[in-house]
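# Topology and contacts: notes
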Amino acid sequence: MRLRYRAGVCALALMAGSAAMQFEPAVVRNLASGQGDRHVSVEAIRVPLWSAAFAQSADSFSLDNVRFTWGDLTYEVKRIDFSGVTVSRSEVESLFSSASEPLADRLMRISARQVTAPEIKVTQKLGQQTQTIFYRNVSLNDVVQGQVAKAVIGAMAIERTGAKGNVLFSYGQTTLSDLNTPAFVRLYETKDASASAPMTRIYGAVTMENLDMVDSGENMSVQIARVSARDVMARPTQDSWGSTLAFLTEMGGKNNLSTEEESRLRTAMVDIAGAFDIGFMEAADIRIKATPKKGAEAKDRKPSVIGRIDRFAYTGSTGSQPADTRLEGLEIGDQEGRVKVGTISLTGFSLTPSLNGLKALQGKPIEDLDQEALRSLIPTLGTLRLSGIDVDVPNKAGDKTTERVNFTLKDFEVTADKPVNGLPTNIRIEQRNLVIALPATSTDDLVKQLAALGYKTLDSSFLVAATWNEAANEIALKEVSVQGQDMGALSLTGTIGNVTKDLFSPDEATAAAALIGAKAKAADIVVEDKGLLGRYLAQAAKEQKTTPEALRTIYASAAPFVVSSIMGNSEQAKTLGQAVGRFIGKPGKLTINAQPKNPSGFGVMDAMLASDPKEALAKLNISATVE
């Protein structure tokens, strides 16, 4: 009997002890501090009963009903659990009780194995809209002096309400590594009047899964399978991030801005744009859908538009590698048509000249700027490339739909860099294989002529490439060419000398004088026939009721006389005429070289002062060869 009694007592004691271990008495209640638009409050700090006697050294405790207001942002957390804390509870209390010490400095004293919160609610005013964010299952792991080795958010939802409807965002799991919370908080606290503080890494990497956005006002949705980034850097702004973002939000809610507000807004936007950088960012598998708005009349309804992007990526610049932005696998369309683009990339693009130029304005209205100041705002384009373009859309003229617009483009590339006074000195524009179907019912004269020659499509390419050599004061025309598939090709290369830096001067008179002083030093023209001449001769022969071979012989024989009538009866004209005749007689490649007789070159004034084209041509040495 005694044994049973003792066993029952022990069981009751064990159960009571276990319950006591789970009980968390409050050791501090109603903790609050703050000043201005920053307030923080904690309803209670709780520790397990077993460590209540050692509360100041307990390594586990929780915070109940935490509320944190920072300007337009309000954070609400029902419970925050700390475990593996290596500092005293008073250090944690200082996060919420000290109003004089910067929050970033207080965070640097916190170290814990893990900090968790089941849910965090964030409310923010954005002009006339209200944004609410919910973070669920938040976990900060291995916190050392405020820096978090790994942060995980199980799910996130954002709701933005406004007059035009609600916008809902949802996110799957978000994972961050090397989160520097003191540096992040310091951005919102610190003012950098000089705007020259160095960049600090805010976090090493972040990954977000399954992003979903639904805009009820626009009947549009966007899904992104995955977003990742690394090496996110930032620096404080002149008025701190908190003040700058609050001002931008305030200005965003206004319809009419004063001159002073416009100036401040421009300054703030420039400041925030240059206050962060990303080493790398990528979004994969993006899906877009826009459906007709409900209630619209039938004539105003448009078919649903569906689009996708396989990948969007940005790589920041390094010491030897320029910044690169690219979009891959773009496709967008509706029931009536579609547009596809294989790749769009932008390499070497830089807003630095524009940002520096805007900073130098010091609030001066843009409409009052002179040419030199406006030039300082031009960004560096770098190289823009597009490839794999395929377009098939209806050609609408008013309410009528004519034949469809249908074309493909293999590649298009534009390079414009190495700027001088805002103008690029290295230019390259290339189009490869633009293929357009020639409409059978077109009224355009050129289209009708090509169709008459038997062409059903026009496959064309062109290239313009030129660069300025400052040391030699020369512009090298690397290539100016155009070619058509099954037609032929025409290209020009050459050198223009006496081109000084004045050509890029913002002063129009100075630039015009430099242009007049420029002199051509050499030029080579190459003409290749790849079928166009043969088709023309076949058509002409049919109209004249003769054979193409007979017509070719006639044209080849007449070529020297035609050239001489244009250039005169010089030896050069005869040489060129004979070469043209041979080219017509047996098409291949015709190369024409022109050199100025004057060693200084052939200038604009030489051409302007010549009363007859023959006089201008007489100042050139011209030779020609046929292959």
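These figures come from a predicted structure and were not determined experimentally.

Bringing the nonpolar core into the picture now. Counting 62 residues, the largest nonpolar core has F61, L63, I80, F82 and Y135 as the members making the most contacts within it. Leaving out residues up to four positions away in the same chain, Y135 has contacts with P118, E119, I120, V122, I153, A155 and M156. Counting residues in each nonpolar core, the second largest holds 14 residues, with A573, I592, A594 and F602 among its members.

Here we take up helix α6 (residues 259-273). Between its first and last C-alpha, α6 extends 21 Å over 15 residues, near the 21 Å set by a 1.5 Å rise per residue. When we look at burial in α6, the residues that qualify are E261, S263, L265, R266, A268, V270, D271 and I272. In this fold, the buried residues of α6 make contact with α5 (240-252), β12 (276-290) and α7 (352-361).

This paragraph deals with the environment of N498. As for its placement among the helices and strands, N498 is situated in the loop between β21 (488-497) and α10 (508-517). Through-space distance from the C-alpha of N498 to that of A514 is 8.3 Å; in sequence the pair is 16 residues apart. Separated by 2.6 Å, the side chain of N498 and the backbone oxygen of G517 make a polar contact.

Let us now look at unusual backbone geometry. The phi torsion at N65 lies on the positive side, around 50 degrees, for a residue other than glycine. Counting through the fold element by element, N65 comes out in strand β3 (residues 61-70).

On to the packing of helix α12 (residues 548-567) against helix α13 (residues 571-585). Their axes nearest at 8 Å, the elements α12 and α13 cross at an angle of 155 degrees. Considering the angle they form, α12 stands roughly antiparallel to α13. When you trace α12 past α13, the crossing you get is right-handed. The residues of α13 that touch α12, namely those facing R552, Y555, A556, A559, P560, V563 and M567, are A573, L576, G577, Q578, V580, G581, I584 and G585. Classifying every residue of the contact of α12 with α13 by side-chain character gives ten nonpolar, four polar and one charged.

If you walk through the whole model with that rule in mind, you get five aromatic pairs. Ring plane angle 20 degrees and centroid distance 5.0 Å describe the contact between F61 and F82, whose orientation is recorded as stacked. Here F82 lies in strand β4 (residues 73-83) and F61 lies in strand β3, a separation of 21 residues in the sequence. Relative to W241, the ring of Y188 lies with its centre 6.1 Å away and its plane at 55 degrees, an arrangement referred to as tilted. Placement of Y188 in helix α4 (residues 181-189) and of W241 in helix α5 is noted, with a sequence separation of 53 residues between them. Comparing Y188 with W241 shows no difference in burial state: the two are buried. Through pairs of rings, three or more aromatic residues link up here, namely F184, Y188 and W241. If you follow R535 out to its NZ or CZ, it ends over the ring of Y455, 4.0 Å from the centre.

Cut-off values and rules
- For every chain, the first residue of the written sequence is number 1, and numbering continues from 1 onward in sequence order.
- Under the rules for a predicted model, residues below a pLDDT of 70 receive no local features and side-chain atom pairs below 80 are neither given nor counted, while totals for whole chains, interfaces and linings still include all residues.
- With hydrogens and water stripped out, all remaining heavy atoms of the structure feed into the side-chain values.
- As used here, the term nonpolar core means buried Ala, Val, Leu, Ile, Met, Phe, Trp, Tyr and Cys residues forming a set that is joined through side-chain atoms within 4.5 Å.
- Here the term buried applies to any residue with accessible area under 20% of the maximum for its type, exposed to any over 50%, and partly exposed to those in between, with areas from a 1.4 Å probe on protein chains only.
- Between two residues, a contact is recorded if the distance between any of their heavy atoms is within 4.5 Å.
- Where helices and strands are cited, they refer to DSSP runs of H or I of at least four residues and of E of at least two residues respectively, numbered from the N terminus.
- Expected span of a helix, by definition, is 1.5 Å for each gap between consecutive residues, and there is one gap fewer than residues.
- In protein, a polar contact requires one atom able to donate a hydrogen and another able to accept it; more generally it is a pair of N or O atoms within 3.5 Å, and residues adjacent in sequence count only if both atoms are side-chain atoms.
- Each axis is a line fitted through C-alpha atoms, and for a helix only the stretch in contact is used; angles between axes span 0 to 180 degrees, taken between their N-to-C directions.
- Roughly parallel refers to an angle under 35 degrees, roughly antiparallel to one over 145, roughly perpendicular to one between 65 and 115, and oblique to any angle outside these ranges.
- Left-handed is the label given to a crossing in which the near helix is rotated counterclockwise from the far helix by less than a right angle, and right-handed is the label when the rotation is clockwise.
- Under this grouping Gly is polar, as are all residues other than the nonpolar Ala, Val, Leu, Ile, Met, Phe, Trp, Tyr, Cys and Pro and the charged Asp, Glu, Lys and Arg.
- Any Phe, Tyr or Trp ring, taking Trp's six-membered ring, that has another such ring centre within 6.5 Å forms a pair; planes under 30 degrees apart are called stacked, those over 60 apart edge-to-face, and the others tilted.
- Look at NZ for Lys and CZ for Arg. If either is within 6 Å of the ring centre and within 35 degrees of the ring normal, a charge sits over the ring.

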